[in-house]
2 protein chains.
Amino acid sequence: MTDLTETLARGEKPLRAKALRAKPRGNGGARKRASLPEAKLLEFAELLFFAYRDFTRDPDAILKDFGFGRAHHRVLHFVNRHSGLRVADLLDILTITKQSLSRVLKQLIDKGYIVQQAGSSDRRERLLFPTAKGRALAERLSAPQSVRLAAALKAAGPGTEALLRRFLEAMVNAEERPKVSSIMAASPVPLKEGGKGGGS
Amino acid sequence: MTDLTETLARGEKPLRAKALRAKPRGNGGARKRASLPEAKLLEFAELLFFAYRDFTRDPDAILKDFGFGRAHHRVLHFVNRHSGLRVADLLDILTITKQSLSRVLKQLIDKGYIVQQAGSSDRRERLLFPTAKGRALAERLSAPQSVRLAAALKAAGPGTEALLRRFLEAMVNAEERPKVSSIMAASPVPLKEGGKGGGS
DNA sequence: TCGGTTATGTCAGCCATGTTGACTTATTTC
DNA sequence: GAAATAAGTCAACATGGCTGACATAACCGA
């Protein structure tokens, strides 16, 4: 009853679709040709919102069982995929402050999902590695997301992969692109097990 | 110096890319064929993270000048694009609680960006409309996002639009898809101006 | 070797935005 | 007229952003 689908699908409350004014809309006189019509672009913005909203749903639900939040997921994800990254790298990737990061990172370390190890060339650095436990959780969290992505890629049809990749890369700030490339090119291989946490 | 790009690009700290173990990785024995390799899917997950991270940057910066946050943007966006929707619709779209919504909605109303109007068929409903001021802000916030989207679509190449649309739709939870379609099909036309706020 | 810079960690405190549960009011619907 | 519904509200709490200041250890260049 309260369901929007119902509501709209039944045509009872068509979201006031009975347009009163049918003027061109938007930027009054400042026409902005040269790209897709504004309306179409905003549709993509909305779709992106809905897609991302649901993309995070499954892991969020799992995280609750562990007493973690989405912030923990992000940290664990990058540490798992790019083992051995430094705290500074993580700050840069997540674009959050040291304080924000340290809170969640500390919890992940305390609970045995991540271990630190001093850098060999520069012993000030604290390199981050997932433990076996950490890898297990990271995989559990990403599993539903992988399933969703695989299904969506398949649904969109062949050829989507390459285009989507280019699209997403182009969505990133230009100055950030080299960083992102470097990060993504970096080894997704877990290194030494830092002692506690057990080895795989 | 602290810059990750620098760091990585210069090859100084290649994120410990000196892989120690080169085993297939991931789900130890539980091979999950049938879709893309896990690693590739996780790359898309990362790209999606980076893309969304930057997608929200520009409006976030603008919002700060108005003393608003991302939550206000979301509300204003949907009210602007789908004028006349009900509070219940908004709760459903945003998937947040009444309390969370009411805080930001009240601020938007108090500051004259949104007006309410009792429904005509059901006077319990409070239909939401943007004021001229609200529309102006909504457009200002979405402008950089539209630019970004247009550029990314162009960069990805022809044919991206259709594939991306299908991809994003498929990323949404199956049960939610009819809702989303209904919402997106609904009139993006602002109706009556509720008195204060002035007409356009 | 010393002094400046860097990488990290930490303290204290603030703010935005999400949560729950209970309750009121107005209105519709049966 | 009673039950259900749409919305608003209160109180209280959790998460995860933020700032600024400061401590420590290690590196690096003069």
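Structural notes, computed from the coordinates. (Residues numbered from 1 in each chain as written. Chains lettered and ligands numbered in written order. Predicted model: local features only at pLDDT ≥ 70, side-chain atom pairs only at ≥ 80, totals over all residues. Heavy atoms only, no water.)

**Description of the nonpolar core**
Okay, step 1: Core analysis: the largest hydrophobic core is formed by 93 residues, its most contacted members being Val 75 and Phe 167 of chain A together with Val 75 and Phe 167 of chain B.
Okay, step 2: Excluding anything up to four places from it in sequence, Val 75 of chain B contacts Leu 90, Leu 94, Leu 101, Val 104, Leu 105, Leu 108 and Ile 114 of chain B. (Core = buried A, V, L, I, M, F, W, Y, C linked by side-chain atoms within 4.5 Å. Buried < 20%, exposed > 50% of the residue type's maximum accessible area, 1.4 Å probe, protein only. Contact = heavy atoms within 4.5 Å.)

**Description of the protein's contact with DNA strand C**
Okay, step 1: Taken together, 26 residues surround DNA strand C, and among them Lys 98, Gln 99 and Gln 116 of chain A together with Ser 100 and Arg 103 of chain B come closest.
Okay, step 2: A distance of 2.6 Å separates a base oxygen of DNA strand C from a polar side-chain atom of Arg 124 of chain A.
Okay, step 3: The backbone of Thr 97 of chain B places a nitrogen or oxygen atom 2.6 Å from a phosphate oxygen of DNA strand C.
Okay, step 4: The residue inventory of the surface near DNA strand C, partitioned by class, reads four nonpolar, nine polar and 13 charged. (Near = heavy atom within 4 Å. Polar contact = N/O pair within 3.5 Å; in protein donor to acceptor, adjacent residues only side chain to side chain. Nonpolar A, V, L, I, M, F, W, Y, C, P; charged D, E, K, R; others polar.)

**Considerations on helix H3 (residues 57-66) of chain B**
Residue and element names in this part refer to chain B.
Okay, step 1: Regarding H3, the residues found buried are Pro 59, Ile 62 and Leu 63. Down the axis, H3 shows its buried residues gathered within 105° of arc, on one side only. Within H3, the exposed residues directed more than 90 degrees away from the buried face are Lys 64 and Asp 65.
Okay, step 2: The inward-facing, buried residues of H3 contact helix H2 (38-55), helix H4 (70-81) and helix H7 (132-156).
Okay, step 3: Phi for Gly 67, located one or two positions after H3, is positive at around 75°. (Helix = DSSP H or I, 4+ residues; strand = E, 2+ residues; numbered from the N terminus. Arc of directions from axis to C-beta.)

**Considering the protein's contact with DNA strand D**
Okay, step 1: For DNA strand D, the set of nearby residues contains 26 residues, the closest of which are Arg 74 and Arg 103 of chain A together with Lys 98, Gln 99 and Arg 124 of chain B.
Okay, step 2: Backbone atoms, meaning sugar plus phosphate, form 59% of the atoms of DNA strand D positioned within 4 Å of the protein.
Okay, step 3: At 3.0 Å, a backbone N or O of Arg 123 of chain A approaches a phosphate oxygen of DNA strand D.
Okay, step 4: In terms of residue count, helix H4 (residues 70-81) of chain A provides more of the surface near DNA strand D than any other element does, four residues in total.
Okay, step 5: When grouped by side-chain class, the residues that make up the surface near DNA strand D number four nonpolar, ten polar and twelve charged.

**Let's talk about the sheet that holds strand E2 (residues 114-118) of chain A**
In sheet architecture, strand pairing relies on hydrogen bonds along the backbone and comes in two forms, parallel and antiparallel.
All names here are of chain A.
Okay, step 1: An order of E1-E3-E2 is seen for the three strands of this open sheet, with the pairing classed as antiparallel. The open sheet has two edge strands, strand E1 (85-86) and E2, and neither has a second partner.
Okay, step 2: As judged from the two bridges shared by E1 and strand E3 (residues 126-130), these two strands associate in the antiparallel manner. Bridge pairing in E3 places Arg 86 opposite Leu 127.
Okay, step 3: Across the face of the sheet, H4 comes into contact with E1, E2 and E3 while running at roughly 95° to E3. (Pairing = 2+ DSSP bridges. Axes fitted to C-alpha atoms, helices over the stretch in contact; angles between N-to-C directions.)

**Description of the side chain of Asp 122 of chain B**
All names here are of chain B.
Okay, step 1: Within the fold, Asp 122 resides in the loop between strand E2 (114-118) and strand E3 (126-130).
Okay, step 2: Asp 122 sits in the buried class, given a relative accessible area of 18%.
Okay, step 3: Separated by 2.9 Å, the side chains of Asp 122 and Arg 124 make a polar contact.

**Remarks on the environment of Arg 135 of chain B**
Okay, step 1: Among the secondary structure elements, Arg 135 of chain B is positioned in helix H7.
Okay, step 2: In sequence terms Arg 135 of chain B and Ile 114 of chain B are 21 residues apart; their C-alpha atoms lie 8.8 Å from each other.

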